[in-house]
Every structure is written in structure tokens, then in C-alpha cells.
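# Results of the structural survey
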Number of protein chains: 2
Amino acid sequence: MTRSSSPSKASSIQSQKGDPYTYQGLKGWRQFRLLHPGWGMYHDIKRRLPYYKSDITDAFTYRTIASTVRMYFVNLLPAIAYTLDMHRRTGEFFGVNESLFASALAAMVFSVMGAQPLTIVGITGLISLFNYTIYDIIIRYDASIYPQFICWTAIWAAIFHWLVAVWNLCDYMRYVTDFSSESFGMYVGIIYIIKGVEELVYEFSSRDITSGYLTCLIAILYFATIYGLEALGSSTMWKAGFRGILADYAYVIGTIFWVGFAHIPGRIKDTNISKVPITKAFHPTQARGWLINFWELDVKWIFVAIPFGFLVMLLFYYDHNVSSLTAQARQFPLKKPGGFHWDFFLLGCTIFISGILGLPMPNGLVPQAPVHTDSLTIYETDLRIIPTEEGEGAEIRRPVVRATSVVEQRVSHFVMGLAIIGTMTGPLLVVLHTMPAAVFAGVFFIVGWGSIESNGILMKLIFLFKEDRFIQRGEPLLQVRKRKICLYIGLQIFGVASCVAISQTIAAIGFPILICLLIPLRVVFLPRWFTVKELEVMDDLTANNKVVLASLGGAPTLPSGTRAEDYGLERKYSEQKHGVPRQRAGSVHR
Amino acid sequence: MTRSSSPSKASSIQSQKGDPYTYQGLKGWRQFRLLHPGWGMYHDIKRRLPYYKSDITDAFTYRTIASTVRMYFVNLLPAIAYTLDMHRRTGEFFGVNESLFASALAAMVFSVMGAQPLTIVGITGLISLFNYTIYDIIIRYDASIYPQFICWTAIWAAIFHWLVAVWNLCDYMRYVTDFSSESFGMYVGIIYIIKGVEELVYEFSSRDITSGYLTCLIAILYFATIYGLEALGSSTMWKAGFRGILADYAYVIGTIFWVGFAHIPGRIKDTNISKVPITKAFHPTQARGWLINFWELDVKWIFVAIPFGFLVMLLFYYDHNVSSLTAQARQFPLKKPGGFHWDFFLLGCTIFISGILGLPMPNGLVPQAPVHTDSLTIYETDLRIIPTEEGEGAEIRRPVVRATSVVEQRVSHFVMGLAIIGTMTGPLLVVLHTMPAAVFAGVFFIVGWGSIESNGILMKLIFLFKEDRFIQRGEPLLQVRKRKICLYIGLQIFGVASCVAISQTIAAIGFPILICLLIPLRVVFLPRWFTVKELEVMDDLTANNKVVLASLGGAPTLPSGTRAEDYGLERKYSEQKHGVPRQRAGSVHR
């Protein structure tokens, strides 16, 4: 076993056995969550506050610098990329300044006050989708009320967030297994890639065909550059230190190179491909004050905004909490506790502020949140020598990646936030304006593909297609009938396909219902269709670290006779062979 | 050992011990090759003729069809690609019709009369380089004599070829080791890629910038398509049969798809990227008869052509014979003998005909010749189970590629020649005209990279850069000091770099001297700088099959105490692990 995040170790750090936040064993009215308002939040703060000082002092290592740089790029680039799209599709209401403001706000609030500062919060594709779908609906009636309407949506969403947090409803996230988080990861990856393609298509229609071709070229080569650098960083070439630098700064190197390329004087510069549109620093994109005059909206529209606010909450309930869960997932040896209720309450606050200022609402980011933890994890590539039975001294040498520890602190998140504020200033906005849309399309491709490449759905598909005789006999999937594997990933693919399809229509607004349904589907129906053994092989709790589960009221109730530790046979097998997977394109072992 | 081409087996087929063509043990005047005119050719025919009937009857298998299709694309596409370049740089003297004619002529002659019909003969980049360098020289004096001058160069070259064949001088090719054939492979690969880039650059300068970008896009995506298909074909996905189809028809699938793509109505078709320029079927590109009026050239120019003819012979001596050697290389379990002297004589004949008809001179093709043998080889992917010492039943499963046999016959080469003749007809020329230059740039990239990716120079470089502890202890290169490996590949890289550099200047004409110097460098100097053990690890005879060496007067004389079988430790180690390497992009094990 190469994982240091074994529950026994984690629980020895903090006595989880005695964690008072649990409903197990309670009787009478006490067993109902809703009757304990604020109990989860209270314990979240109580649990995390003792670590606050170390959250700052632990930060003085090189990892923090590398992480800050990487996250600045991985957070900022997709945020701007989504803004390009949202800008066009919301009548230019949301622009770069709004997105930067929202990202900076979220980074400041969550790095300073979040119970789990590892969870990166910012602008996602789903909120972009939400905002422009609402725009599509509103312009059927009166485009001029869009700012106020979206503001009220946010206000209601904030209220629903606070209610969920106060009523301890985040507890149900402990039932999230890979079944739904893989589906969500795949869905997000596909949406990223679709957005990348749309960005390329838009270049053809908004500029000329020449810009379109150059944009495609740069996007593809940007993808190849980052992919290659990250793959080299995960290889066994050179020394570990040099490899690490390649992987840590892959986005920096790739972005600087290809932005520079797009400005080579002569033919390339003359092609004049589209750049990030910027407006005056620190001012809203539209000619308006920062505060939305939300009190001027007709009362009937305020009521219409209620279901929209509820849907935003449902979306963020899933998206934010899964981001947070994956940032604290199994493979990271975390020692400090998280706090789902408190963070969800905070999210309500940032949503409220974003709402009344007319910013896009930020929430937890997949895959940026787990990438953040990854960037703070100290990995060691160990040598595993497998003695073979072929004569004396015969052996096979294999690299095994081990996560030794995570630099758990608030500083990288905070400094990244400061850097985003810096980006909002005039001079740096001008630098941003030099960046071609092509690079953003490339970002969509690389981040999206990163989410697909390592996905369990793809892994199981490859297993199904592989020629039988070359499959290692120890492979746990061999214990499951192929029909059952097909059914399992078939359900996942059906879920993903439904979500992708609905995202392309005006019904996209109802998408959060679909994605949330995956959790009860897993809990209620899957145990009827699969044996416990099959689920133990194919599925696993997304987070099984006791310090993480503590905030969710402890481990979920499982079918009798099974323990959380029994799940994830497939994953354990793979980790035993190659070590933990990294959150990087090109670092997957097949 | 997975190789069936063990010398013992081959020699049991034909009693090589008793092969009468050898100079070993001869005394007096008899030990001099030059005093045995035609001896090698005589034995070549005598040795191969008994197999002629089986060369036809052996062909009735599916492999022959797959091979014919693959070779049609792999031979035709680069030939046309080089012609595009040569056409522009020889004052439009050589065109598609000339190249097709030369390719068809070579295919007909060598498939019917060649002693080794596996060696694909056609238009290479080097002859294109030669022809336009001569053009660059001639236009300094009088551009109008170019046709006659190049004709006389060919006539002299033909005469030198005949002399070399008659005097048995091909025998020295037995000294060709991987030291020089790897260098040559790397050189050819680099030239291919340079030509690909030139093709892209030309699109920008001849058409507009929009065509240029689209051409780059298609070339890159064509490369990715073929690479991906061939890599999948070498993987362990799906059944062996389906994988084989993907790899066999990778060029067909990729070419049809991307040619079709370039014709999608709308923006792409409107971009009007450049296509293959064609002229009237069966007519020379220039307004001339097929026969060059070579008798009209001024006598002084006829004499000036002598050194040029000699250089062509030197180039082909190396290029053609190495192509032939690699087509009969170690990893192919060949059972029928080749005939270097007779084939070189035949090459003189095709050169003579090409010369007086004003065609580019064909010669043996790297990497097409070994790709031909590869396409005819029946590979089986065996399962190798390595028991490990970790508890009961622990094992590692690994695919090992084994070459079981080669469908040695003349029909695939012959039918491919017929297909090329077919391509010369009006209707198919029109089809050719639909192909964008972009696809040819892609062909340059994929064929060039295929030659680089599997190259021993690159392998040794990767070994040097790899982190030490992950190198398997059985790796023979560990027995050589790193300094010595650096020196060895340093010499190779120096040779390659010199050749590449000289190719870019008007001195390119002298390039054959450089490349031929690699053989004496290896034979005379390397044994002084390296120990026998070091060379045994790093170097190997390019062909060590006894049926092949028979035509070269037997195995080369080696330093006392060593045998040819002792060489190639590095290769044998790799083959023992993964099986024989295939001549495909993406099929290399690292």
C-alpha cells in the first residue's frame, strides 16, 4: 500500500471517534437534521479553527509558490474563457471585469474564511450556461430587466444556500461515490471541449476565415504543448526536480510561448486574430454603477426568480460540494478537517454579494479544486522492484508515485486571489488583452481532456475493449461479468449524455435536477441491480478520509455487512501497481 | 528468443555453408574481387532463380493484398510529394507524369527481374535534392542544356553502376552496421520533415495566408490521424485482426478522410488550397518528346557530367543497398536469398532508361523498402507471462510481438506497379489532382517521424536522459560507460548534422561522399575508440541473416575472437522484452 491517507493514520492525528457531529445513535427528535439548525456549521468552525495559525505558518515552502503560479493560470484562463462566451450570449452584460471581480472576491473570502481553503472557487462553465440560458428566457419578455432579474435569482439562491447550510443538508454529500463524481467529471470535460470548439467556430464567424484557421492551429498546438510538458513531467526522464518544474510550469511556459507566437510580426500578427476584449479597469462592462438597482424590479418577477434561485442552489449544492469533495479526495493524505456546512454558508454570502454587484456567481471548480490540492501535494516517485522467477537477479523496475503529504494552508489561495486583483488593474488588463482567444480554446481542450483522460468511465471502456489475454490476472474488474460493467458505465454514459444534451437547449436550466438525481440513483437503485461485490469493485466513496467525513456526519450507512474500506478494489489495484493518479493530462497509466 | 530468423534455421533451408560465392580461403589472383567480373551477378541469379515459381505461387494470401494497398500509398505519396518540390526547383522540367513513369518503370523491372523483389525502388528525396542542385549549378551557365546534361549524368551513372555490379563491389555492404544505417535513417527522417515544413512554407508564399494556415492544419491532423491509427494497431486493444486492419489501412483511411475534408463545400473548399498540379496523361510535363536528344549536347558538357554520374552512383551505392539491406534486416525471418550485384546492375538499367527519357532516376527507398517487408510479415502478438515472486499466482502479462514468417513474393510489388501505371491514366490523374499539398506535407511528417522515432540514436539519447534508478538492471547499455555512449551517438549525430547541413547548400552534390564515409569510419576508426564489448552492446550488423550475407561474399571479417552473433546485445535485450520492432509510427516500446 502506497497511500499515506489511510484512515487509521488520519484519525490518530485528530480523534475522530470522539467527533461530536454525528446523528448516529441519536434518538427521538434529535435524529432529524433539520431540528439542529447551525449544528454542522458550528462544528465546522470548531473543528477547523485550531488549525488557522498553522494554515499560515505551514505555507512557507516552495510548493506554495509553484501552486500559486499554477492555480493562477488554471483558474484565470478558463474563467476568462467562459467569460468570452458569456459576454457574447448575455447581451454583453457580463464581461472580463465582472469575472475577475467575482474570482477575486471568491478567492479572498474562501482563502481567509473558508473551512477548507483548498477548494478553489470561481467562475465555471455551468454558471455561464445558467446565465445565458436565463438571458435567452428573459429576452422573450423584456431584455432590460435582465440585470435585476439575475440579481434576484442570486438573492434567492443565497437564501436557499443559507437554509441548506443551517439545516445541515450538506451531510448527504457523503453518499457521493465515483459513480456520480465520475459522471460529473466526464460531463464537465465534454462541456469544456464543446466550449473550445465553439470558441473556434466563433472566430470563423466573427472574424474572417484566415483568423479562424490560425486560431485552430494555435489552439491545437497549445494543447499539444501543455499535454507534452505534463506528460514529460509524469515520466521517468531526467531528475525528479526538473520533471517537477516542467509539470508545475507547463501552463506558464505554454501560455507565454503561444501568446508570443500570436504576436510574431509579419503574417501571423497581420492575421489579427481576436484577443480578449477589455474595458476600463475597475468599471463594470456596461455603463452602470456596481450596485444593481434590484429594488426597481416588478414584484411578479421577484417571485418568478424563486425557482431559478432554487435551481442555482441545486446546481451549486452538487457542483460546489463535489469540487470540495474531490479536492479532499481519497488519494490526498489530508490531515486537516474540512467543513462543508460552513463553506456552503460562505458560498451563499459570495453569491449574495455577486448578485447585488452584477457579477457572475462563483462556486467550487472542477477540476481546478482537485488540481489545487494536487499542486500542493508532495509526490515522490518511488522505485518498485518486482522480483521475477526468471533466474537469479531478474527483476522488473517500475516507478510508483506516492503522495507523501499535502501542504495544507491558505496562502496559495490568498496570493492567487491577490494576483487576480492585480490583473484587474489597468496595466495588467492590457497584458490580458494581448492574449488571443485561440489560447483559451486550447485551455478548454487541455483542461477538458484532463478531466476525461483519467475518468473511470474511460478506464472501464478501455478494459472492455482490451484483448482479454493481455489483461493482468489480478485486475479486479475480471471478477465482474462484462455485462454488468456495460450496464454500470451504460448508466453513467446515459447520465452524461442526458446532461450534455439538455445543456444545448433552453431546458439547460433544469440540468441541476438531473445531475443531483445521480446520488439517489446510486443509493437506491444501484444496490438492486448490482451485487455488493460488483459495486465494491467498480465504485468507491469519492472521499473516504475520516477527517473529511467528520464534517458530513460520519461515514454513510452502507448495506449491512460492508464497510467503506471494502470499496474501490479496482482503484486500489491500480494504485498498488502505479501509485496514486495525478491531476494532470498525460499522467495516466493504462 | 522470439525470432524465427535464427541463422541456423535459415541455413537449413539452403545449404549456405556450401555457397560458392566467397573469397575466403582463396589464394593468389583469385582473392581479388575485380578479377572475377560478373561472378557475383552470376551467383545472384543462380541462387534466386530456383525460387521464381514460388515467388508467384506464394503470393495467394491476404497479406499480399494488404501489402499492395499499403505500399501503393507509402510509395506513391512521398514520390509525388518530392515531385512537387522538384517540379518547382528544376524549372518545371520534372513533373508528376515523369515521377509516376519512373516509379512504374522501377516497380515493373524490379518486381519481375529483381533478385530481391522486396526492395521497393522509386523516387527519393535525395534524387530530388540531386536534380535541383544540378539545376542550380547548370543555370549559372545555360539553363537550356539541363535536360541533356541530366541525361548524360544518368548515362554515366548507369555505366558506373554496371561497373560496380560487374566488379562485385557491393560486397562491401556487408560492413554496414547500425552505426551507419541508423545515421542514414535519422538523416532521411530529418530531410523528410524539413521537406514537409518547406511544403507548408511554399503554400504561404505561392497562395495566400489563408491557404497556408489551412494547409498547416490539415498536415498536422493528417499526421495525428495516421499516427493514432498505427499506434492503435500496435496496441493490445480489440482483437488482433481488427488492430491489423487499422494499421494496414491507416494511410488509406487517413488519406481518403483528409482529402475529403479539404473538399467540404463552404469555407474549406473556398479556401482553395493548392492541389497536385497535373498535365496531360502520358505526356512529358514540358512540351517535348519522351526521348531526350542527348546527342545534341556539347562534348565538353558530356565530360563535365562524368563526376556527377559518379556521385549519383556513390549515392545509390549507399542508398539503394542500404534500402535493400534494411528490407532484409535481422528482424525479418527471410528464407529466400537476395542478390545485391544483380539488383545493382538492374538499377543501372533503370537509370539509363530514366536518363534518356528525362525521368527522375529511381533507387531503393528508405523507409519504404523495410515497410514493404514489414507489411508482408505475419506478426503474432504473443502473451508472455512473467511469474513474480510476490505470493502465489502473481504474474505480469506482457505482449511480445513475434514475426513468424514473411510472404516473400513478387506479386505485391508488381501489382503496386500496375496501380501506379493506372494512376498515370487520365481519369486517375484527375483524382490525384484533388489531393491537397497539405496531405503530402502530412505524409512527409509521418514517414519522417516514423524513421526518427524508432531510431537507435533517439533510443540511446532517451537512455542517457532517463533517471537511473528506473532503468531495468538487465539493460545492456548499463555495461557501457555513459561517456562512451555519448561519444558513439555524438559521432552519429555529427554525421547526420553534417549531411543535413550540406543538403541545404549547393555542395549537396557532394553529400554521397559524406554518407559513404560512415562505413570506413565504422570499420577503421571505431574499433580504436571503443572496446569490442562496447561495440557489441551498441552496434550490430544491419543484416545478419546468412541467406542475405551469401550474396555479399559471406559474413564480414570481424576483430579476432568475436562473431557476428555476439553483436547487438542492446537490440536482443529489447526484443526479448517486447519482441521485434515494427516499421510503424507509434509502435515503439521505450
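Residues numbered from 1 in each chain as written. Chains lettered and ligands numbered in written order. Predicted model: local features only at pLDDT ≥ 70, side-chain atom pairs only at ≥ 80, totals over all residues. Heavy atoms only, no water.

## Focus: the overall build of chain A
What counts, and what does not: Secondary structure elements follow DSSP: runs of H or I no shorter than four residues count as helices, runs of E no shorter than two count as strands, and numbering proceeds from the N terminus. Our radius of gyration is a C-alpha quantity, and the globule rule it is checked against amounts to 2.2 Å times the number of residues to the power 0.38. Should any heavy atoms of two residues lie within 4.5 Å, those residues are considered in contact. Only the protein chains shown count as cover for residues, and all accessible areas are computed by the Shrake-Rupley method using a 1.4 Å probe. Note that His is not counted, nor are the chain ends; the positive residues are Lys and Arg, and the negative ones are Asp and Glu. The atoms used to mark charge sites are NZ of Lys, CZ of Arg, CG of Asp and CD of Glu.
Broken down by element type, chain A carries 24 helices and four strands. Computed over its C-alpha atoms, the radius of gyration of chain A comes to 24 Å, within 12% of the 25 Å expected for a compact globule of 590 residues. Projected onto the principal axes, the alpha-carbon positions of chain A cover approximately 75 × 70 × 50 Å. Partitioning the contacts of chain A with sequence separation of at least 6, the portion at a separation of at least 24 is 84%. Summing over all exposed atoms, chain A offers an accessible surface of approximately 21,500 Å²; the carbon and sulfur share of this is 67%. Separation of charge centres in chain A, based on 53 positive and 43 negative side chains, amounts to 4 Å.

## Here's the deal with the packing of aromatic side chains
Residues and elements named next belong to chain A. For clarity, the threshold we go by: When the centres of two rings from Phe, Tyr and Trp lie within 6.5 Å, Trp using its six-membered ring, the rings pair. Their planes under 30 degrees apart give stacked, over 60 give edge-to-face, and anything left gives tilted. Whether a residue is buried, partly exposed or exposed follows from its accessible area with a 1.4 Å probe, protein chains only, as a fraction of its type maximum: under 20%, in between, or over 50%, in that order. To sit over a ring, a charge needs its Lys NZ or Arg CZ within 6 Å of the ring centre and within 35 degrees of the ring normal.
Under the definition given, this model contains 66 aromatic pairs over all chains. When the centroid spacing of 5.3 Å and the interplanar angle of 80 degrees are considered together, the rings of F149 and F308 count as edge-to-face. Taken together, the positions of F149 in helix α7 (residues 146-166) and F308 in helix α13 (residues 299-327) put the pair 159 residues apart, joining distant regions of the chain. Classification of F149 as buried rests on a relative accessible area of 1%. Joined through ring pairs, the aromatic side chains of F93, F94, Y135 and Y146 make up one cluster. Lying over the aromatic face of Y202, R88 brings its terminal NZ or CZ to 3.5 Å of the ring centre.

## Description of a nonpolar patch on the surface
Where we set the bar: Patch membership needs two things, relative accessible area over 30% and no salt bridge, and members are linked within 9 Å if like-charged or within 5 Å if nonpolar (Val, Leu, Ile, Met, Phe, Trp, Tyr). Here, a salt bridge means any side-chain nitrogen of Lys or Arg that lies within 4 Å of a carboxyl oxygen of Asp or Glu.
Residues W29, F32, L34, L35, I159, L163 and W167 of chain A make up a contiguous nonpolar surface patch of about 650 Å² in total accessible area. Within the secondary structure, L163 of chain A is located in helix α7.

## Some remarks on the side chain of H161 of chain B
Tracing the backbone shows H161 of chain B in helix α7 (residues 146-166). Beyond its immediate sequence surroundings of up to four residues, H161 of chain B is in contact with V312, M313, F316, F344, L347, G348 and I351 of chain B.

## What to know about helix α2 (residues 39-48) of chain B
One turn of the α-helix equals 3.6 residues, which is why residues spaced by three or four share an orientation. Put simply, the rule is: An arc is given here, and it is the one of the directions from the helix axis to the C-beta atoms.
Of the residues making up α2 of chain B, those classed as buried are G40, M41, H43, D44, R47 and R48 of chain B. Across the axial projection of α2 of chain B, the buried residues extend over an arc of 165 degrees, all falling on one side.

## Comments concerning the nonpolar core
A general feature of soluble globular proteins is that nonpolar side chains tend to end up buried together. The criterion, for reference: Here, nonpolar core refers to any group of buried Ala, Val, Leu, Ile, Met, Phe, Trp, Tyr and Cys residues whose side-chain atoms link them within 4.5 Å.
Of all hydrophobic cores here, the largest spans 329 residues; its most connected members are Y187 of chain A together with Y187 of chain B. Setting aside anything within four residues of it in sequence, one finds Y187 of chain A in contact with L126, L129, V496, C499, V500, S503 and F511 of chain A.

## Here we look at the interface of chain B and chain A
We count it as follows: Here the quantity called buried area is the total loss of accessible area, with a 1.4 Å probe, experienced by two parts when brought into contact, counted for both.
Listed as interface residues are 42 residues of chain B and, on the opposing side, 42 residues of chain A. Buried surface at the junction of chain B and chain A, both sides included, amounts to about 4,100 Å², of which 60% is carbon and sulfur. Among the residues of chain B in contact with chain A, Y213, R397 and F470 of chain B are the three that bury the most area, contributing 17% of the side total. Where chain B touches chain A, the interface holds two salt bridges. Of the charged contacts in the structure, one is a salt bridge between E467 of chain A and R243 of chain B, with a shortest N-O distance of 2.7 Å.

## Re the UniProt feature "domain: Bicarbonate transporter-like transmembrane" (unreviewed entry) in chain A
Our working rule: UniProt positions are given in the numbering used here, feature names are shortened, and annotations may be inferred rather than shown by experiment.
Taking the numbering used here, the UniProt-annotated feature "domain: Bicarbonate transporter-like transmembrane" (unreviewed entry) corresponds to residues 40-209 and 214-541 of chain A. Structurally, residues 40-209 of chain A is divided into 74% helix and 1% strand, and its ends, taken at the C-alpha atoms, are 56 Å apart.

## Some remarks on the relation of the copies chain B and chain A
This is how the line gets drawn: Alignment of the copies relies on least squares applied to C-alpha atoms, considering only residues that score at least 70 for pLDDT in both.
The two copies are related by a screw motion: chain B maps onto chain A through a turn of 180 degrees and a shift of 0.0 Å along the axis, at an RMSD of 0.0 Å. Such a turn and shift between the copies fits a two-fold axis. Using C-alpha coordinates, one finds that chain B approaches the rotation axis most closely at T388 of chain B, a distance of 2.0 Å. Counting the interface residues of chain B, we find that 100% of their copies in chain A are interface residues as well, pointing to one common contact surface.

## Examining the pattern of salt bridges
This model, assessed by the stated rule, comprises 46 salt bridges over all chains. Residues D468 of chain B and K482 of chain B are paired through a salt bridge, measuring 3.4 Å at the closest nitrogen-oxygen approach. Of this pair, D468 of chain B sits in the loop between α19 (456-465) and α20 (482-503) while K482 of chain B sits in helix α20, placing them 14 residues apart in sequence. A relative accessible area of 35% places K482 of chain B in the partly exposed class. Beyond isolated ion pairs, a larger network of salt bridges with shared partners links D85, R88, R89, K195, E198 and E199 of chain A.

## Topic: the confidence of the model for chain A
Residues and elements named next belong to chain A. Definition in use: Every residue is assigned a pLDDT by the predictor, reflecting its confidence on a scale from 0 to 100.
Counting all residues, the mean pLDDT for chain A is 84, and 94% of those residues have values of 70 or more. Taken as a whole, residues 1-16 scores under 50 in pLDDT and shows 29 contacts with residues more than four places along the chain or in a different chain. Among the scores for the predicted complex, ipTM is 0.80 and pTM is 0.85.

## Here we look at unusual backbone geometry
All names here are of chain A. The linkage connecting V366 with the following residue, P367, adopts the cis geometry, with an omega of 0 degrees. Mapped onto the fold, P367 is located in the loop between β2 (363-364) and α15 (368-376). Residue N168 is not a glycine yet carries a positive backbone phi of 65 degrees. With respect to the helices and strands, the residue N168 is situated in the loop between α7 and α8 (178-206). Judged by its relative accessible area of 0%, N168 falls in the buried class.

## Focus: the environment of Y52 of chain A
All names here are of chain A. What counts, and what does not: Here a polar contact means two N or O atoms within 3.5 Å. Within protein one must be a hydrogen donor candidate and the other an acceptor candidate, and residues neighboring in sequence count only if both atoms are side-chain atoms.
Within the element layout of this structure, Y52 appears in helix α3 (residues 52-57). Each residue touching Y52, except ones within four places of it in the same chain, is listed here: V112 and R410. For Y52, the side chain forms a polar contact with the main-chain oxygen of V112, separated by 2.5 Å.

## Some details on the environment of S551 of chain B
Residue and element names in this part refer to chain B. Mapped onto the fold, S551 is located in the loop between α23 (546-549) and α24 (569-578). For S551, a relative accessible area of 0% puts it in the buried group. Separated by 142 residues in the primary sequence, S551 and Q409 have C-alpha atoms spaced 18 Å apart. Here S551 is in contact with Y21, D44, R47, D171, G338, G339, F340 and H341, once residues within four sequence places are set aside. At 2.9 Å, the side chain of S551 forms a polar contact with the backbone nitrogen of F340.

## Observations regarding the side chain of S111 of chain B
Residue and element names in this part refer to chain B. Among the structural elements, S111 can be located in helix α5 (residues 96-113). By relative accessible area, which is 2% here, S111 ends up buried. Here A107 takes part through its backbone oxygen, which lies 2.7 Å from a polar atom of the side chain of S111. In this structure, S111 is in contact with A106, P117, R410, H413 and F414, ignoring residues within four places of it in sequence.

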